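Here's the letter readout for the chains.
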Amino acid sequence: MDYDYEIIYKEYFSKVYLYVLTISHDEHIAEEITQETFFKALEKIETFKGDCKLYTWLCQIAKNALYDFYKKEKKKVSINEYSEYLTSDLDFVLRFEEKEDVMKIHVLLRKLEEPYKEVFSLRIFAGLSFKNIGEIFGKSDGWARVVFYRAKNKLMEEYNENFL
């Protein structure tokens with residue numbers, strides 16, 4: 001199959017960047033890993049068999065690149081501790097790629113109480129950093145991160161109960 005790398009880059013770069021940013025919590029790491037992801041994808045694009053969506057394949061490359069980064073940097077957090085977290089974030093983020101699920105997520109989001117609803121929306125739909133979200137609320141970026149992950153977990157729980 002023939003792929004236009006420029007089109008792939010334009011269509012998926014920001015999505016992959018947001019995925020990596022969501023799991024790394026660091027804009028510099030997200031930028032570096034996303035660049036590395038697209039470099040690796042360019043090298044291996046012919047190995048993409050189409051068993052999954054291209055975005056899923058790119059996110060898997062990004063996740064592996066992040067694992068490698070943490071190993072190389074010898075982070076004190078175990079990669080195994082990150083494994084489940086990375087996979088659940090990937091699964092949740094990928095739901096936004098499925099058009100029929102977008103409506104379900106929005107229905108559940110409307111039922112979410114504040115500040116969870118607004119923080120989640122600012123993070124996912126507006127693409128704001130945790131620092132920016134914290135500033136909007138007059139709180140810290142740590143506060144914004146905690147509220148976002150609580151909102152995400154509530155949405156995941158409701159989604160699983162209502163739609164799976």
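For the structure, see preceding data.
Because the structure is predicted, anything quoted here is derived from the model rather than measured.

Student: Would you mind showing me how to read the overall build of the chain here?
Tutor: From N to C terminus, the chain includes eight helices and zero strands. Helices (α) and strands (β) of the chain occur, in sequence order from the N terminus, as α-α-α-α-α-α-α-α. When each of the 164 residues of the chain is scored for burial, the buried share is 41%. Look at the contacts in the chain between residues 6 or more apart in sequence, and 63% of them connect residues 24 or more apart. Per element, the accessible surface of the chain, about 9700 Å² overall, is 51% carbon and sulfur.

Student: Looking at this structure, how should I read the nonpolar core?
Tutor: Of all hydrophobic cores here, the largest spans 27 residues; its most connected members are Y12, V16, I33, L54, W57 and L58. Of all elements in the fold, only helix 1 (5-24), helix 2 (27-44) and helix 3 (54-73) reach the threshold of two or more residues within this core. Considering each element in turn, this core owes the most residues, 11 residues, to helix 3. Those residues within four positions of Y12 in sequence are excluded, and the remaining contacts are F38, L54, Y55 and L58. L112, F148, A151 and L155 belong to the second largest nonpolar core, which has 17 residues in total.

Student: Just checking my understanding: could you explain the packing of helix 7 (residues 130-137) against helix 8 (residues 141-163) for this structure?
Tutor: The axes of two packed helices give the description: the angle between them and the distance between them. Packing of helix 7 against helix 8 leaves a shortest axis separation of 7 Å and a crossing angle of 100°. It follows that helix 7 is roughly perpendicular to helix 8 by the angle criterion. Each of F130, K131, I133, G134 and F137 in helix 7 lies in contact with helix 8, whose residues at this interface are D141, W143, A144, R145, F148 and Y149. For the contact of helix 7 with helix 8, the per-class residue count stands at seven nonpolar, one polar and three charged.

Student: What am I meant to see in helix 8 here?
Tutor: Note on helix geometry: an α-helix contains 3.6 residues per turn, so any two residues three or four positions apart are oriented the same way. Between its terminal C-alpha atoms helix 8 stretches 32 Å, which fits the 33 Å expected from 23 residues at 1.5 Å a residue. Of all the positions in helix 8, only A144, V147, F148, Y149, A151, K152, L155, M156 and Y159 are classed as buried. For helix 8, the capping residue at the N-terminal end is S140, with a side-chain oxygen 3.4 Å from the backbone nitrogen of G142.

Conventions we followed
Residues numbered from 1 in each chain as written. Predicted model: local features only at pLDDT ≥ 70, side-chain atom pairs only at ≥ 80, totals over all residues. Heavy atoms only, no water. Helix = DSSP H or I, 4+ residues; strand = E, 2+ residues; numbered from the N terminus. Buried < 20%, exposed > 50% of the residue type's maximum accessible area, 1.4 Å probe, protein only. Contact = heavy atoms within 4.5 Å. Areas by Shrake-Rupley, 256 points an atom, 1.4 Å probe, with all protein chains shown as cover. Core = buried A, V, L, I, M, F, W, Y, C linked by side-chain atoms within 4.5 Å. Axes fitted to C-alpha atoms, helices over the stretch in contact; angles between N-to-C directions. Parallel < 35°, antiparallel > 145°, perpendicular 65-115°, else oblique. Nonpolar A, V, L, I, M, F, W, Y, C, P; charged D, E, K, R; others polar. Expected span 1.5 Å × (residues − 1). Polar contact = N/O pair within 3.5 Å; in protein donor to acceptor, adjacent residues only side chain to side chain.

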